[in-house]
Amino acid sequence: MTNLQYPLLSSINSPVDLKKLPVTSLKNIAEEVREFIVDTISQVGGHLGAGLGTVELTIALHYVFNTPKDKLVFDTGHQAYPHKILTERKNIFHTIRQFGGISGFLKRDESKYDTFGAGHASTAISAALGIATARDLSNKNFKVVAIVGDGSLTGGMSYEAMNNAGLLKKNLIVILNDNKMVSLSSHKPKLWALHNYFSEALTHPTYNKFKSNVWELTGKLDSFGDRLRNAAHKMERGIKAIITPGMMFEALGFRYFGPFNGHNILKMVEIFEHVKDLNGPILIHINTEKGKGYLPAEKEVTRLHGVTPFDKITGIAHKSSNVKSSYTKIFGNIICEIAKQNKKIVAITAAMPDGTGLDKIQKELPEQFFDVGIAEQHAVTFAAGLATEGFIPVCCIYSTFLQRAFDQIIHDVALQKLNVVFVLDRSGIVGADGPTHHGTLDLSYLRCIPNMIVMSPKDENELRNMVFTAVEYKNGPIAIRYPRGNVIGVPLNNNLEKLEIGKGEILKTGNHLTILAIGNMLYTSLKAAEILENENYSVGVFNMRFVKPIDEELILEAYKNSKNILTIEDNVISGGFGSAVAEFLSSQNLNCNLKIHGIPSDKFVEHGTIEELHKILQLDTEGIYDIAKKIIQENLITV
């Protein structure tokens, strides 16, 4: 960063520096912060659009409030990039989402300004209310501000928190950053329902005809007409009070202010100065534009929500030499193909149609597609309701986000043995988004649920067959989990195969060691086995396919071939695939040398590239080779 390129921002390292500047300079600072974000993220990648939309809001908050004593609690942490830049992380901002660098989300152990960790949505009001309550119980004096937006107000938890806040009457400020988007859909980004209601009501022909007729009539009635006009004007304000979102927030116990232009930074400062010392729950409604100030991001809000390095002028990502398809795209293509043949299939997502591959079915079969917004719990129970009427709901949610609906999976689906298909994208290590987004718990939390089938494909062909198998399954819930990223690159078969539930396959046998692998760990294990074979070790590799029910016959075959068994999974060790193997061996009183290898269960995995993290976790070819060789050498069996 140079003083010439960023003359004001270069002098700001903390909110203390920001407060030294005259309020009239804030607009120029906002321009520099926005330019700095685009310059940096175009080189290193990251989330872009949401942060560009909160530049003025964030500057005004830090200018008015006494942070970090006053607490800012962000929802959807990717909108906090300007916050990171203003809070002592400007000079390391270029390390964002890189191994050893700063997180792409809010992180308490990263900065004293990060009051509450946020990687997903709808948590800010609950957390802020808890902080405000703790403040009062401790007889402390500071402000608490929750910043919600980018779709987070579609989550039910936000309304639960507002209801409680209205009852507790704590001094709390909630800022609704309304950018009108609740879905990351390139085809049809859905507007916030309340915003639609507000806009449509005020522009409804009947309402405007009433206003026009009254104005025309009263203009002919002299002083009496003036009084009628004044009454009509008051009536109009009354109508607005009924139909604006403010009425709902007022009913929940909040004092409502807005909506205001969230990009008018002087107005933001004025409003925050006005409300910061008011008592009780306050809600400030501001309108912002996602991608504000960077034309490509304004035009393509979904594509430039999260980005890899791109050309700053055009907004186009740099071309990759890797032209393989992704698991997400393979899934999207096959579910659309199958759904065209079976109108009972309906696809459901929680604001991520593009991210889950459902954008294809959204475009081609819109009547069989439902985007419920950032509301995973609702998505699952909505699917359960559809299943009771004979439909086949395919509920597609990122692995880490489906955790939010764990109770609904149990009570509303599994307990009733309803035929709901769960598709978990981004399972295992996902890379730069880090611990809030790694899908490393799903094998464990799904395997413990009664009536649940859990499977994971080794490649794109097997994924297609598993999707076909899942929609044909009629005996309860069934889940498919697969990783983020590119597929293996095997040729696709023309015909789909219905897999036998609970049955894997033997790819090769060995007498020194048998590797039991699940999902995307299969080909990595095969490569490790090949290296060992070149060193004259006999290593078998079995593709287990199913974590539940586990293929007991294959486990017995592995035990028969060698008393050395190594299980490989990109899931936490506790309760996962390896645990299922160990439980079966124990139930049969079979004593063997079993090594369960996966992700350590006692700590969260930080952010970095998938390759970097797999290497550290010894889930790459070299790591599996080292572990397997050590097992063989310590328990060598002469063949």
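Quick caveat: nothing in here was measured; it's all calculated off a predicted structure.

Caption draft 1: Region of the structure containing the overall build of the protein chain. The helix and strand inventory of the protein chain stands at 25 helices and 19 strands. About 26800 Å² of surface is accessible on the protein chain, with carbon and sulfur atoms providing 53% of the total.

Caption draft 2: Structural view of the packing of helix α4 (residues 55–64) against helix α5 (residues 81–89). Between α4 and α5, the least distance of the axes is 8 Å, while the angle of their chain directions is 40 degrees. In terms of crossing hand, the pair formed by α4 and α5 is right-handed. For the pair α4 and α5, contact is made by Val-55, Thr-58, Ile-59 and His-62 and by Pro-82, His-83, Leu-86 and Thr-87, respectively. For the contact of α4 with α5, the class distribution of residues is four nonpolar, four polar and no charged.

Caption draft 3: Looking closely at the sheet that holds strand β4 (residues 172–178). Judged by pairing direction, the sheet is parallel, and its five strands sit side by side in the order β2-β3-β4-β6-β5 without closing on themselves. Edge strands, defined here as strands with exactly one partner in the open sheet, are β2 (71–74) and β5 (255–261). Each strand axis lies, on average, 20 degrees off the axis of its neighbour in the sheet, ignoring direction. Sheet analysis places strand β3 (residues 144–149) next to β4, joined by five bridges and oriented parallel. Across the sheet, the residue bridging to Ala-146 is Val-174, located in β4. With respect to the sheet, helix α6 (residues 124–137) is in contact with β2, β3 and β4, its orientation differing from that of β3 by roughly 175 degrees.

Caption draft 4: Highlighting the nonpolar core. Counting residues in each nonpolar core, the largest one holds 53 residues, and the members touching the most others are Leu-48, Ile-59 and Phe-272. If you list the elements that add at least two residues to this core, you get α2 (26–44), α4, β2, α5, β3, β4, α12 (265–275) and β6 (281–287). The contacts of Leu-48, once residues within four sequence positions are left out, are Ile-37, Val-38, Ile-41, Tyr-294, Ala-297, Leu-304, His-305, Val-307 and Phe-310.

Caption draft 5: Quick look at the pairing of strand β11 (residues 421–427). For β11, the buried fraction is high: seven of the seven residues fall into the buried class. Sheet topology note: the strand β10 (residues 392–398)/β11 ladder contains five bridges and is parallel. Note that in β11 the partner of Ile-397 across the bridge is Leu-424. Sheet topology note: the β11/strand β13 (residues 478–483) ladder contains five bridges and is parallel. Note that in β13 the partner of Phe-422 across the bridge is Ala-479.

Caption draft 6: Expanded view of helix α21 (residues 521–534). For α21, which comprises 14 residues, the first-to-last C-alpha distance of 20 Å matches the rise-based estimate of 20 Å (1.5 Å per residue) to within 8%. Along α21, the positions that sit buried rather than exposed are Met-521, Leu-522, Thr-524, Ser-525, Leu-526, Ala-528, Ala-529 and Leu-532. Packed against the buried residues of α21 are β14 (505–508), β15 (513–517), β16 (539–543), β18 (564–572), α24 (610–616) and α25 (621–634). At the C-terminal side of α21, Asn-536 shows a positive phi close to 70 degrees.

Caption draft 7: Representation of the packing of aromatic side chains within the structure. One pass over the full model with this rule turns up ten aromatic pairs. Ring centres of Phe-65 and Phe-272 lie 6.2 Å apart, and the angle between their planes is 50 degrees; this geometry places the pair in the tilted category. Of this pair, Phe-65 sits in the loop between α4 and β2 while Phe-272 sits in helix α12, and the two are 207 residues apart along the sequence. Here the two residues Phe-65 and Phe-272 agree in accessibility, since each one is buried. By the ring-pair criterion, three or more aromatic residues cluster together here, those being Tyr-6, Phe-36, Tyr-81 and Phe-93. Here the basic side chain of Lys-71 rests over the ring of Phe-142, its NZ or CZ set 5.3 Å away from the ring centre. Above the face of the Phe-142 ring, Arg-135 is positioned so that its terminal group lies 5.9 Å from the ring centre.

Caption draft 8: Spatial organisation of the pairing of β4. Within β4, seven of the seven residues are buried, leaving the element largely enclosed by the surrounding structure. Alternating positions in β4 separate into two faces, Leu-172, Val-174, Leu-176 and Asp-178 on one and Ile-173, Ile-175 and Asn-177 on the other, with burial throughout. The sheet contact formed by β4 and β6 spans seven bridges and is parallel. Residue pairing in the sheet places Ile-173 in a bridge with Ile-282 of β6.

Caption draft 9: Representation of the sheet that holds β13 within the structure. Taken in spatial order, the seven strands make up an open sheet running β9-β8-β10-β11-β13-β12-β17, and their pairing is mixed. The open sheet has two edge strands, β9 (369–371) and β17 (546–548), and neither has a second partner. Taking the axes of each pair of neighbouring strands and ignoring which way they run, one obtains an average angle of 20 degrees across the sheet. In the sheet, strand β12 (residues 453–455) pairs with β17 via two bridges, with the strands oriented antiparallel.

Caption draft 10: Focus on the side chain of Asn-465. Topologically, Asn-465 is positioned in helix α20 (residues 460–472). Beyond its immediate sequence surroundings of up to four residues, Asn-465 is in contact with Asn-495, Leu-496, Glu-497 and Leu-499.

Caption draft 11: View of the layout of surface pockets. Its boundaries defined by the atoms lining it, the second largest pocket holds a volume of some 620 Å³. Split into classes, the residues belonging to the lining of the second largest pocket amount to eleven nonpolar, eleven polar and three charged.

Caption draft 12: Highlighting the packing of helix α22 (residues 552–561) against helix α23 (residues 577–587). The geometry of α22 relative to α23 is characterised by a closest axis approach of 11 Å and an angle of 75 degrees between their N-to-C directions. When the axes of α22 and α23 are compared, the pair comes out roughly perpendicular. Note on element contacts: α23 touches α22 through Val-581, Phe-584 and Leu-585, opposite Glu-552, Ile-555 and Leu-556.

Caption draft 13: How the structure looks around unusual backbone geometry. Residue Pro-68 follows Thr-67 across a cis peptide bond; omega there is 5 degrees. Take Pro-68: it is sitting in the loop between α4 and β2. With an omega dihedral of 0 degrees, the bond running from Gly-258 to Pro-259 counts as a cis peptide bond. In this structure, Pro-259 sits in strand β5. Backbone geometry at Arg-97 places phi at a positive 70 degrees, although glycine is not the residue there. Structurally, the position occupied by Arg-97 is in the loop between α5 and α6. Positive phi, normally seen in glycine, also occurs at Ala-351, with a value near 75 degrees. Looking at the secondary structure, you find Ala-351 in the loop between β8 (345–349) and α15 (359–364).

Conventions adopted
Residues numbered from 1 in each chain as written. Predicted model: local features only at pLDDT ≥ 70, side-chain atom pairs only at ≥ 80, totals over all residues. Heavy atoms only, no water. Helix = DSSP H or I, 4+ residues; strand = E, 2+ residues; numbered from the N terminus. Areas by Shrake-Rupley, 256 points an atom, 1.4 Å probe, with all protein chains shown as cover. Axes fitted to C-alpha atoms, helices over the stretch in contact; angles between N-to-C directions. Left-handed = near helix turned anticlockwise from the far one by under 90°. Contact = heavy atoms within 4.5 Å. Nonpolar A, V, L, I, M, F, W, Y, C, P; charged D, E, K, R; others polar. Pairing = 2+ DSSP bridges. Core = buried A, V, L, I, M, F, W, Y, C linked by side-chain atoms within 4.5 Å. Buried < 20%, exposed > 50% of the residue type's maximum accessible area, 1.4 Å probe, protein only. Expected span 1.5 Å × (residues − 1). Phe/Tyr/Trp six-rings, centres within 6.5 Å; stacked < 30°, edge-to-face > 60°. Lys NZ or Arg CZ within 6 Å of the ring centre and 35° of its normal. 1 Å grid on protein atoms, 1.4 Å probe; cavity = no way out; pocket = protein on both sides within 12 Å on 5 of 7 lines; lining within 4 Å. Points joined across faces, edges and corners; volume = space filled by probe spheres on them. Parallel < 35°, antiparallel > 145°, perpendicular 65-115°, else oblique.

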